[in-house]
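Below are the chains, spelled out letter by letter.
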Protein chains: 2
Amino acid sequence: MNLEILDKLIEKFSKFPGVGKRTAERFAFYILELNSQEVSEFVSLIQEIKNKVRNCKICNNLTQDEICSICKDPRRDSTLLCVVEEPRDILAIERTSVYNGKYFVLLGALAPLEGIGINDTKIGELVEYVKNHPEIKEIIISTDADMEGETTANYIFKLLKPLGRRITRIGVGIPLGADLEFVDKNTLEKALKFRKELS
Amino acid sequence: MNLEILDKLIEKFSKFPGVGKRTAERFAFYILELNSQEVSEFVSLIQEIKNKVRNCKICNNLTQDEICSICKDPRRDSTLLCVVEEPRDILAIERTSVYNGKYFVLLGALAPLEGIGINDTKIGELVEYVKNHPEIKEIIISTDADMEGETTANYIFKLLKPLGRRITRIGVGIPLGADLEFVDKNTLEKALKFRKELS
């Protein structure tokens, strides 16, 4: 349609996670159909979120304050520390309602081939944090189950081991409800490796 | 996570077409991960698009100028007029590359049950347009294949019939109940090729 500005917006939406050209077009037309008030609300939210949302000074989770709501919450079990790569991983774990401990967000994972090393993540700060919190009895390493996550998990394990706490890795295996035949080879391999004794 | 502002943005994204809660969350986190320059580029595009994009004075298609690129193009066949509901339908038809005529956008469809009548669309202007353009030999009514689109097509047919032009309805291939903009390219191509004479 030769509408340079519409094409530009479609291009921006195409970069959203999981969004293809057609969906990006729908989004652009959706924006066009919003009224002025809806547009300015949307725009201010986006601007605000960049200004107001920051990382918790303690655990790096997202927060609008200095310290996040989980770190502040006295009802959370401070003997448990769950280590994740990104703040959104906390959202996923919180959704399960089975975990009531604290978190530490690495804000990344080791990817030596891409030049992402220890200093590009908060691994150093994690070690300090554990040292300064003798109440922590167990550290649950919940990095992703991909190569970067595994590398990071192994590295953290080596660093934390001398501190004498219990260190566990979040269970890796067949997702609930999955058909065995459709589970990919690597997951199946891990699932077999991490088989559990029945009793 | 008790982040009011993040929740608000997730809610906004949930209203995008075809976007559920989980996808909206991914979008909000995507925004959070953009740098300041990327955010301001995105925000200005959205603001600009609302200010700069308007409807063509002739056919109601979207344009950044007074008159859209299709109306301006002397190579388009002005004996053919394709009537669609929305500007995005033009995008879908243009993608097929089989149509080289002009367009007229109704900016809506009749929905008597929802109180949307003739004056809420550009049907009146369409009739005027056809009257003032004796060169138009065929009008291809390409409204959606849903109830509103069919109602609109029938109504337009009755209004235009006395003007003595050939009137066709986009036909074979469009699944019943479908929104024209989401129909795949090949189906749309077929539908245009096999358009039916109305009598």
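How each quantity is defined
Residues numbered from 1 in each chain as written. Chains lettered and ligands numbered in written order. Predicted model: local features only at pLDDT ≥ 70, side-chain atom pairs only at ≥ 80, totals over all residues. Heavy atoms only, no water. Contact = heavy atoms within 4.5 Å. Buried area = accessible area lost by both parts, 1.4 Å probe. Salt bridge = Lys/Arg side-chain N within 4 Å of Asp/Glu carboxyl O. Polar contact = N/O pair within 3.5 Å; in protein donor to acceptor, adjacent residues only side chain to side chain. Helix = DSSP H or I, 4+ residues; strand = E, 2+ residues; numbered from the N terminus. Domains from an automatic or database assignment. Buried < 20%, exposed > 50% of the residue type's maximum accessible area, 1.4 Å probe, protein only. Pairing = 2+ DSSP bridges. Axes fitted to C-alpha atoms, helices over the stretch in contact; angles between N-to-C directions. Parallel < 35°, antiparallel > 145°, perpendicular 65-115°, else oblique. Left-handed = near helix turned anticlockwise from the far one by under 90°. Arc of directions from axis to C-beta.

**Regarding the interface of chain B and chain A**
Line of reasoning, step 1. Contacts between chain B and chain A engage 50 residues on the former and 48 residues on the latter.
Line of reasoning, step 2. When the two sides are added together, the surface that chain B and chain A hide from each other amounts to roughly 5200 Å², 73% of it contributed by carbon and sulfur.
Line of reasoning, step 3. Along the contact surface separating chain B from chain A lie five salt bridges.
Line of reasoning, step 4. Among the ionic pairs, Arg-88 of chain B bridges to Glu-33 of chain A, the shortest N-O distance being 2.5 Å.
Line of reasoning, step 5. In this assembly, chain B and chain A are joined by 14 residue pairs in polar contact (both at pLDDT 80 or more).
Line of reasoning, step 6. Contributions of two or more residues to the side of chain B that touches chain A are made by helix 1 (4-14), helix 2 (21-33), helix 3 (36-52), strand 2 (62-63) and helix 5 (87-96) of chain B.

**A few points about the pattern of salt bridges**
Line of reasoning, step 1. Overall, the coordinates contain 29 salt bridges over all chains when judged by the stated rule.
Line of reasoning, step 2. Between Lys-131 of chain A and Glu-128 of chain A there is a salt bridge; the shortest N-O distance is 3.9 Å. Within this pair, Lys-131 of chain A and its partner Glu-128 of chain A are both found in helix 6 (residues 123-132), separated by three residues, close to a single helical turn.
Line of reasoning, step 3. The partner of Lys-15 of chain B in a salt bridge is Glu-11 of chain B, and the shortest N-O contact between them spans 3.5 Å.
Line of reasoning, step 4. Salt bridges sharing partners connect three or more residues here, namely Lys-21 and Glu-25 of chain A together with Arg-95 of chain B.

**Considerations on the domain arrangement of chain A**
Line of reasoning, step 1. Domains assigned within chain A are domain 1 (4-52) and domain 2 (58-169).
Line of reasoning, step 2. Once you take the C-alpha centre of each, domain 1 of chain A and domain 2 of chain A turn out to be 33 Å apart.

**What about the side chain of Lys-12 of chain A?**
Line of reasoning, step 1. If you trace the backbone, Lys-12 of chain A turns up in helix 1 (residues 4-14).
Line of reasoning, step 2. Since its relative accessible area comes to 18%, Lys-12 of chain A is described here as buried.
Line of reasoning, step 3. When neighbours within four sequence positions are excluded, Lys-12 of chain A is seen to be in contact with Glu-41, Phe-42 and Leu-45 of chain B.

**Details of the sheet that holds strand 5 (residues 138-141) of chain A**
Think of a sheet as strands paired side by side through backbone hydrogen bonds, with each pair either parallel or antiparallel.
Residues and elements named next belong to chain A.
Line of reasoning, step 1. Overall, parallel pairing links the four strands, which are arranged 4-3-5-6 in an open sheet. With partners counted over all chains shown, the strands left at the sheet margins are strand 4 (101-105) and strand 6 (166-169), one partner each. Across this sheet, the average inter-strand angle for adjacent strands is 25 degrees, counted without regard to direction.
Line of reasoning, step 2. Looking at chain direction, strand 3 (residues 77-84) and strand 5 are connected through four bridges and run parallel. Residue pairing across strands places Val-83 opposite Ile-141, the latter belonging to strand 5.
Line of reasoning, step 3. The strands touched by helix 5 (residues 87-96) are strand 3 and strand 4; relative to strand 4, the strand with the most contacts, the crossing angle is about 155 degrees.
Line of reasoning, step 4. Running at roughly 175 degrees to strand 6, helix 7 (residues 147-160) makes contact with strand 3, strand 5 and strand 6 of the sheet.

**Considering unusual backbone geometry**
All names here are of chain B.
Line of reasoning, step 1. Phi angles above zero are rare outside glycine, and Asn-60 is one such case at about 75 degrees.
Line of reasoning, step 2. Although it is not a glycine, Leu-107 adopts a positive phi angle of roughly 55 degrees.
Line of reasoning, step 3. Residue classification places Leu-107 among the partly exposed positions, given a relative accessible area of 27%.

**A look at the packing of helix 1 of chain A against helix 3 of chain B**
Line of reasoning, step 1. In contact at an axis separation of 10 Å, helix 1 of chain A and helix 3 of chain B are set at 140 degrees when each is read in the N-to-C sense. Viewed along their axes, helix 1 of chain A and helix 3 of chain B adopt a mutual orientation that is oblique. Note that helix 1 of chain A runs across helix 3 of chain B; the crossing there is left-handed. Each of Ile-5, Leu-6, Lys-8, Leu-9, Lys-12 and Phe-13 of chain A in helix 1 of chain A lies in contact with helix 3 of chain B, whose residues at this interface are Glu-41, Phe-42, Leu-45, Ile-46, Glu-48 and Ile-49 of chain B.

**Description of the environment of Phe-194 of chain A**
Residues and elements named next belong to chain A.
Line of reasoning, step 1. Structurally, Phe-194 is set in the segment after helix 8 (185-193).
Line of reasoning, step 2. Under the relative-accessibility criterion, Phe-194 is labelled partly exposed at 45%.
Line of reasoning, step 3. In this structure the C-alpha to C-alpha distance between Phe-194 and Ser-36, which are 158 residues apart in sequence, comes to 55 Å.

**Brief notes about helix 1 of chain A**
Line of reasoning, step 1. Turning to helix 1 of chain A, its buried residues number three or more, namely Ile-5, Leu-6, Leu-9, Ile-10, Lys-12 and Phe-13 of chain A. Down the axis of helix 1 of chain A, the sector holding all buried residues measures 160 degrees, keeping them to one side.
Line of reasoning, step 2. Tucked inside the fold, the buried residues of helix 1 of chain A contact helix 2 (21-33) of chain A together with helix 3 of chain B.

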